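# Per-entry structural report
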Amino acid sequence: MCQPVEQEHMDVQDAIEHRLEVRDYEDEPVDPEVRHTILNAGRLAPSGKNTQHWRFVLLTDPGDVHRLAELSTSGAWIGDADFAIVVTTDPSYHYHELDAGRAITHMQFAAFQHEVGSCIYTGFDEAGMHEFLEVPDDRSIVAVIGFGYPANGLRGRKRRDSLSALAYADRFGKPLRVID
């Protein structure tokens, strides 16, 4: 029988404000239990009509992670990650990419809670990825997420436009009154 374990809870607002994308990793393996927790967070993400159509491919072999870097057009940094998760979806659902994003965000927050950094990329040789990972042709490979302990920190200050520059009140272009 499982014994209840007290866990430290993550401050979600703090994570939203301070979690950075991490592309430089320490040469230290992430515990398999933490990897499982991260994968499970993706499984627990919401999906349109509860279809749960995403599928995740976990790559832990360093050679496989380096192969992802070779197949990437925008994520060569992943070669230094401890592990990667490739997110696939069923493209017959018009919301499939949104659902992938929801699962990815859940996994990245779970990683952050365990002080594991992460970053995504979406540029890759699609045919090469399908062949390498043996993903069926009727599945879409949406993104690749690299994970590992950060070499240069996990938290920081984000450079973002102001809320009033991005959000409107009632109609597009109508200024939003922002409370400071």
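Please read these numbers as outputs of a predicted model, since none were measured by experiment.

### Overview of the packing of helix 2 (residues 32–43) against helix 4 (residues 96–113)
- Interhelical geometry of helix 2 versus helix 4 gives an angle of 150° and a closest axis separation of 7 Å. Taken together, the axes of helix 2 and helix 4 are roughly antiparallel relative to one another. Where helix 2 crosses over helix 4, the handedness of that crossing is right-handed. Counting all contacts with helix 2, which are made through Thr37, Ile38, Leu39, Ala41 and Gly42, the residues of helix 4 involved are Ala103, His106, Met107, Ala110 and Ala111.
- Tallied by class, residues from the contact of helix 2 with helix 4 come to 7 nonpolar, 3 polar and no charged.

### What to know about the sheet that holds strand 2 (residues 83–89)
- With antiparallel pairing, the 4 strands of this open sheet are ordered in space as 1-2-4-3. Two strands lie at the open edges of the sheet, namely strand 1 (55–59) and strand 3 (117–121), each paired on one side alone. Strand-to-strand, the axes of this sheet are offset by a mean angle of 20°, without reference to chain direction.
- Where strand 3 meets strand 4 (residues 140–148), 5 bridges bridge the pair, whose relative direction is antiparallel. Across the sheet, Tyr121 pairs through a bridge with Val144, a residue of strand 4.
- Contacts from helix 2 reach strand 1, strand 2 and strand 4 within the one sheet, and its direction differs from that of strand 1 by about 165°.

### Side note on a negative patch on the surface
- Judged by side-chain charge, Asp24, Glu26, Asp27, Glu28 and Asp80 come together as a negatively charged surface patch.
- Structurally, Asp24 can be placed in the loop between helix 1 (12–18) and helix 2.
- Here Asp24 falls in the partly exposed class, since its relative accessible area comes to 43%.

### Brief notes about the pattern of salt bridges
- Evaluated as defined, the whole model comprises 5 salt bridges.
- Arg155 is the partner of Asp14 in a salt bridge, and the nearest nitrogen-oxygen pair spans 2.6 Å. Taken together, the residues span a long stretch of sequence, with Asp14 in helix 1 and Arg155 in the loop between strand 4 and helix 6 (163–166) at a distance of 141 residues.
- According to the relative accessible area criterion, Arg155 is partly exposed, its value standing at 46%.
- The partner of Arg67 in a salt bridge is Glu70, and the shortest N-O contact between them spans 3.0 Å. Of this pair, Arg67 and Glu70 both sit in helix 3 (residues 62–71), 3 residues apart, which is roughly one turn of the helix.
- Its relative accessible area of 32% is what places Arg67 among the partly exposed residues.
- Assessed through its relative accessible area of 56%, Glu70 is described here as exposed.

### Here we look at the environment of Thr60
- By the secondary structure assignment, Thr60 is in the loop between strand 1 and helix 3.
- Using a relative accessible area of 36% as the deciding quantity, one classes Thr60 as partly exposed.
- Distance from Thr60 to Ala81, taken between C-alpha atoms, is 9.3 Å for residues 21 residues apart in sequence.
- Excluding residues within four positions of it along the chain, Thr60 makes contact with Arg35, Asp82 and Phe83.

### Examining the environment of Val135
- Mapped onto the fold, Val135 is located in the loop between helix 5 (126–133) and strand 4.
- On the basis of relative accessibility, which here comes to 8%, the residue Val135 falls in the buried class.
- Along the chain, Val135 and Asp14 lie 121 residues apart, while their C-alpha atoms are 36 Å from each other.
- Setting aside chain neighbours within four positions, we find Val135 in contact with Thr88, His130 and Ile141.

Calculation notes
Residues numbered from 1 in each chain as written. Predicted model: local features only at pLDDT ≥ 70, side-chain atom pairs only at ≥ 80, totals over all residues. Heavy atoms only, no water. Axes fitted to C-alpha atoms, helices over the stretch in contact; angles between N-to-C directions. Helix = DSSP H or I, 4+ residues; strand = E, 2+ residues; numbered from the N terminus. Parallel < 35°, antiparallel > 145°, perpendicular 65-115°, else oblique. Left-handed = near helix turned anticlockwise from the far one by under 90°. Contact = heavy atoms within 4.5 Å. Nonpolar A, V, L, I, M, F, W, Y, C, P; charged D, E, K, R; others polar. Pairing = 2+ DSSP bridges. Patch = residues over 30% accessible without salt bridge, like charges linked within 9 Å, V, L, I, M, F, W, Y side chains within 5 Å. Areas by Shrake-Rupley, 256 points an atom, 1.4 Å probe, with all protein chains shown as cover. Salt bridge = Lys/Arg side-chain N within 4 Å of Asp/Glu carboxyl O. Lys, Arg positive; Asp, Glu negative; His and termini not counted. Charge placed at Lys NZ, Arg CZ, Asp CG, Glu CD. Buried < 20%, exposed > 50% of the residue type's maximum accessible area, 1.4 Å probe, protein only.

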